Amino acid sequence: MASHIVGYPRMGPKRELKFALESFWDGKSSAEDLEKVATDLRASIWKQMAGAGIKYIPSNTFAYYDQVLDTTAMLGAVPDRYSWTGGEINLSTYFSMARGNATVPAMEMTKWFDTNYHFIVPELGPDTKFSYSSHKAINEYKEAKALGVDTVPVLVGPVSYLLLSKAAKGVEKSFSPLSLLSSILPVYKEVIAELKAAGASWIQFDEPTLVKDLESHQLAAFSAAYTELESTLSGLNVLVETYFADVPAESYKTLTSLSSVTAYGFDLERGTKTLELVKSGFPAGKYLFAGVVDGRNIWADDLAASLATLQSLEAIVGKDKLVVSTSCSLMHTAVDLVNETKLDDEIKSWLAFAAQKVVEVNALAKALAGQKDEAYFAANAAALASRRSSPRVTNEEVQKAATALKGSDHRRATTVSARLDAQQKKLNLPVLPTTTIGSFPQTVELRRVRREYKAKKISEEEYTNAIKEEISKVVKIQEELDIDVLVHGEPERNDMVEYFGEQLSGFTFTANGWVQSYGSRCVKPPIIYGDVSRPNPMTVFWSKMAQSMTARPMKGMLTGPVTILNWSFVRNDQPRFETCYQIALAIKKEVEDLEAGGIQVIQIDEAALREGLPLRKSEHAFYLDWAVHSFRITNCGVQDTTQIHTHMCYSNFNDIIQSIINMDADVITIENSRSDEKLLSVFREGVVYGAGIGPGVYDIHSPRIPSKEEIADRVNKMLAVLDTNILWVNPDCGLKTRKYAEVKPALTNMVEAAKQIRAELAKAQ
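Residues numbered from 1 in each chain as written. Predicted model: local features only at pLDDT ≥ 70, side-chain atom pairs only at ≥ 80, totals over all residues. Heavy atoms only, no water.

- Looking at an unreviewed UniProt entry, one finds the chain named 5-methyltetrahydropteroyltriglutamate--homocysteine S-methyltransferase, with Hordeum vulgare subsp. vulgare as its source organism.
- Taken from UniProt, the Function (unreviewed entry) comment for the chain reads in full: "Catalyzes the transfer of a methyl group from 5-methyltetrahydrofolate to homocysteine resulting in methionine formation." (UniProt positions renumbered as here; feature names shortened; annotations may be inferred.)

### Points about the packing of aromatic side chains
Next up, step 1: Applying the stated criterion to the full structure yields 29 aromatic pairs.
Next up, step 2: Measuring from centroid to centroid gives 5.9 Å for Phe24 and Phe95, while their planes differ by 50°, and the two rings are tilted. Of this pair, Phe24 sits in helix H1 (residues 16-25) while Phe95 sits in helix H4 (residues 91-99), placing them 71 residues apart in sequence.
Next up, step 3: For Phe95, a relative accessible area of 6% translates into the label buried.
Next up, step 4: Three or more aromatic residues joined by ring pairs make a cluster, and in this case those are Phe24, Trp25, Phe62, Tyr64, Tyr65, Tyr94 and Phe95.
Next up, step 5: Across the ring face of Tyr287, the terminal group of Lys321 is positioned such that the distance to the ring centre comes to 4.8 Å. (Phe/Tyr/Trp six-rings, centres within 6.5 Å; stacked < 30°, edge-to-face > 60°. Helix = DSSP H or I, 4+ residues; strand = E, 2+ residues; numbered from the N terminus. Buried < 20%, exposed > 50% of the residue type's maximum accessible area, 1.4 Å probe, protein only. Lys NZ or Arg CZ within 6 Å of the ring centre and 35° of its normal.)

### A word on the UniProt feature "binding site: L-methionine" (unreviewed entry) in the chain
Next up, step 1: The UniProt entry lists Ile437, Gly438, Ser439, Glu490 and Asp605 under the feature "binding site: L-methionine" (unreviewed entry), expressed in the numbering used here. Look at the named residues: they lie 169 residues apart in sequence, but the longest C-alpha span between them is just 13.4 Å, so in the fold they bunch up.
Next up, step 2: Structurally, Gly438 can be placed in the loop between helix H17 (416-427) and helix H18 (444-454).
Next up, step 3: Gly438 has contacts with Val487, Gly489, Glu490 and Met557, leaving out every residue within four places of it along the chain.
Next up, step 4: Among the secondary structure elements, Ser439 is positioned in the loop between H17 and H18.
Next up, step 5: Judged by its relative accessible area of 7%, Ser439 falls in the buried class.
Next up, step 6: The contacts of Ser439, once residues within four sequence positions are left out, are Gly489, Glu490, Gly734, Leu735 and Lys736. (Contact = heavy atoms within 4.5 Å.)

### Some words on the sheet that holds strand S9 (residues 237-241)
Next up, step 1: Here we have 8 strands laid out as an open sheet, ordered S1-S12-S11-S10-S9-S8-S6-S2, and parallel in their pairing. Whereas interior strands pair on both sides, the edge strands pair on one side only; in this sheet they are strand S1 (2-3) and strand S2 (57-59).
Next up, step 2: As paired strands, S9 and strand S10 (residues 263-267) are joined by 3 bridges and run parallel to one another. Bridge pairing in S10 places Val240 opposite Tyr264.
Next up, step 3: Along the sheet face, helix H14 (residues 354-368) touches S1, strand S11 (287-293) and strand S12 (322-326) and points at about 160° away from the line of S12. (Pairing = 2+ DSSP bridges. Axes fitted to C-alpha atoms, helices over the stretch in contact; angles between N-to-C directions.)

### Concerning the domain arrangement of the chain
Next up, step 1: What the domain assignment lists for the chain is domain 1 (2-389) and domain 2 (495-648 + 655-664).
Next up, step 2: Each of domain 1 and domain 2 was reduced to a C-alpha centroid, and the two centroids are 31 Å apart.
Next up, step 3: Taken together, the 44 residues of domain 1 in the interface contact 30 residues of domain 2.
Next up, step 4: Overall, the association of domain 1 and domain 2 removes approximately 3200 Å² of surface from exposure, summing both partners, and the carbon and sulfur fraction of that is 56%.
Next up, step 5: Along the contact surface separating domain 1 from domain 2 lie 3 salt bridges.
Next up, step 6: On the surface where domain 1 and domain 2 come into contact, there are 18 residue pairs in polar contact (both at pLDDT 80 or more).
Next up, step 7: For the side of domain 1 that touches domain 2, the elements supplying multiple residues, two or more each, are H1 and strand S3 (109-111).
Next up, step 8: No other element matches the 4 residues that H1 contributes to the side of domain 1 that touches domain 2. (Domains from an automatic or database assignment. Buried area = accessible area lost by both parts, 1.4 Å probe. Salt bridge = Lys/Arg side-chain N within 4 Å of Asp/Glu carboxyl O. Polar contact = N/O pair within 3.5 Å; in protein donor to acceptor, adjacent residues only side chain to side chain.)

### Here we look at helix H3 (residues 67-75)
Next up, step 1: Across the 9 residues that make up H3, a large majority, 9, are buried.
Next up, step 2: Buried residues of H3: Gln67, Val68, Leu69, Asp70, Thr71, Thr72, Ala73, Met74 and Leu75, and no others.
Next up, step 3: Looking at the buried residues of H3, the elements they touch are H4, strand S4 (118-120), helix H5 (136-146), strand S6 (151-156), helix H6 (158-163) and helix H7 (181-197).
Next up, step 4: Two to three positions downstream of the cap, the backbone nitrogen of Val68 sits 3.3 Å from a side-chain oxygen, assigning the N-cap of H3 to Asp66.
Next up, step 5: Residue Gly76 follows H3 closely and has a positive phi angle near 65°.

### Comments concerning the UniProt feature "domain: Cobalamin-independent methionine synthase MetE N-terminal" (unreviewed entry) in the chain
Next up, step 1: Following the UniProt record, one finds the feature "domain: Cobalamin-independent methionine synthase MetE N-terminal" (unreviewed entry) at residues 3-316.
Next up, step 2: Between the C-alpha atoms that bound residues 3-316 there is a distance of 18 Å. The span itself is 42% helix and 13% strand.

### As for the packing of helix H8 (residues 216-228) against helix H10 (residues 249-256)
Next up, step 1: Interhelical geometry of H8 versus H10 gives an angle of 15° and a closest axis separation of 9 Å. Comparing their axes, H10 and H8 come out roughly parallel. Considering how the two elements wind past one another, H8 and H10 form a crossing that is right-handed. Along the contact surface, H8 presents Leu219, Phe222 and Ser223, while H10 presents Glu250, Ser251 and Thr254.
Next up, step 2: Among the residues making up the contact of H8 with H10, the classes are represented as 2 nonpolar, 3 polar and 1 charged. (Parallel < 35°, antiparallel > 145°, perpendicular 65-115°, else oblique. Left-handed = near helix turned anticlockwise from the far one by under 90°. Nonpolar A, V, L, I, M, F, W, Y, C, P; charged D, E, K, R; others polar.)

### Re the sheet that holds strand S20 (residues 643-648)
Paired through backbone hydrogen bonds, the strands of a sheet run either parallel or antiparallel to each other.
Next up, step 1: Reading across from one edge, S17-S19-S20-S21-S22 is the order of the 5 strands in this open sheet, with parallel pairing throughout. Single-partner strands in this sheet number two, and they are strand S17 (555-559) and strand S22 (692-695). Strand after strand, the sheet turns through a mean of 20° between neighbouring axes, direction not considered.
Next up, step 2: Pairing between strand S19 (residues 601-605) and S20: 3 bridges, direction parallel. Bridge pairing in S20 places Gln603 opposite His645.
Next up, step 3: Strands S17 and S19 of the sheet are contacted by helix H23 (residues 576-596), whose axis makes an angle of about 175° with S17.

### With respect to the environment of Ala137
Next up, step 1: The residue Ala137 is located in helix H5 in this model.
Next up, step 2: Given the relative accessible area of 5%, Ala137 is considered buried.
Next up, step 3: Residues Ala137 and Val154, spaced 17 residues apart in sequence, show a C-alpha to C-alpha distance of 7.6 Å.
Next up, step 4: Leave out the neighbours within four places in its chain, and Ala137 touches Asn60, Leu155, Val191 and Leu195.

Right, here's the structure in full:
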């Protein structure tokens, strides 16, 4: 019985790749040093899977930045602004596309389906020329082979690649990247032919867009593409992998009728309806790669339940055609539980990270083949039973309070325009008020202070003084820059979700449970294992201290319930919305304590609201209903004069703008700078927005410093579609990852641009 892994985390168990990348970007190490770290990581991953007994081991799932960017490099689809002249794409061009450089901005980054991973969006047009320009797939296949591991090379499938692309700047909006299908297939043919010549017997195409609601012409593109590739693929076993949701019936029909495809991979963790499709008809003689082990969460698999599912599939597909797999790539989960030395034993027994999931997959494959490891299965059953019965998981008071929420919609009593008037009387802000999103640079010194305090190397008093000094510095900088609404800079916080989770009950934390978010950026999601409540105030002490340092309004900074939920590993033993309501009640208490402490502006970030949107339209309304309701629960009790802000990250908001309005925040700040005013088109199309809005005026994910003129130009574009009295001026995200040498000049230019336009507006009146 065979086993397969869709993909594996690339950062390394201790974030080795992150540190190697950042050292290379800072000019502290060479390309050879970086390549050495990458080579060692790949080798250890392949050997680990081979050692665990996995038959179908993936290669080419490693990336220096992103697998979609790797495909763009493979196809030679480099936008003109990077001045690439052809040949094999080097690291300099590759990283310029990902991060921008001193002269040109980066390509757009957006969420990979409904995960917290970001991919680099290809920019295509009718004149884009394609050529085979990165031999990474073949190089990695050969690299593994030299180590004695025969792998399955993985490519982002041609149709998904185009469906995830966008029309480049200056190209007609009506242009469809899908029209380039016949132009990119010759490159795919070259890659396939090379892999075949090198001895590959299997090839995996990731086509995750098959789980979305596709139109008939999009489905027809799959038939066209795989028919066109058929002769080149002849002699290879071809796996088309889908993940993250159910495959719709129509897409299932299209996929299973592709004659060049030997095997189909399905996510049977999130795709329970796909199971019914397989049971109602599966093509004879084809392989089913059954994704039963969850690649998106960190809970130990219910091995007995998975085995029962596999046995029912075996009866349909046949013993030799069923392959046990993960539901998706394991890059969305933490790397290895072995590195968690401080996690308590009971909770640890409930978990499985990527390395453990590899073992689970193989144990299921062996059990299916009649070689069941009874001791392993018994330990798994005992762990699941301990989790079900543990008193740490359930808090009846919290359950009751969350259940009681369902009858009301929890809105503030007055309209947003009435509240904005009341707030303006109290805050007295200029037109086009300036602010930042929350965090200021987290210096090496600051991280050291937090680390030493955590390790009890410095006293609480020393720690408090150090943080107080940092807040004072940040307040002073903002006053000198003449920013209108200040932030305290969040020096006491490690991460916007982790910081709150550490103070809420029902959460636990890992030491090395890192997951890649984009490039070298990793996050360490908390684990929500039980009912959530807030034992004590979490931010009030620091917010009050910061407010006491200035006469200007100081924002209280909180992370919203939906973002805490979406950026955590969430318990899988109750519906997600129930957990979200519990978190909302905890944040509500914090909001009310901040208000009572004299904080007049409170920002409740919902960076991840859009990210949690289900991939299928039929499920949107239910999700948006409870997600927006959760946000409103947090602030429905405050006075009209208290201004509630929220912030949202990378997203295409056009399809959920009504839900954003329904959140009923007083001011919303939105990432906008990399997506070329996509957001503003919503308002151009006639959506009326009466609350305050701050579309980001520059990109903080790039070290580039925008000029005053560039920012003024952006603001003027916004004023063409938004009322002067609701527009705010701010960067597009927090400044935590930037250096002061970049932050100060960028904010100086931002404030000067706002002042210049204020003067122009006053003159025009």
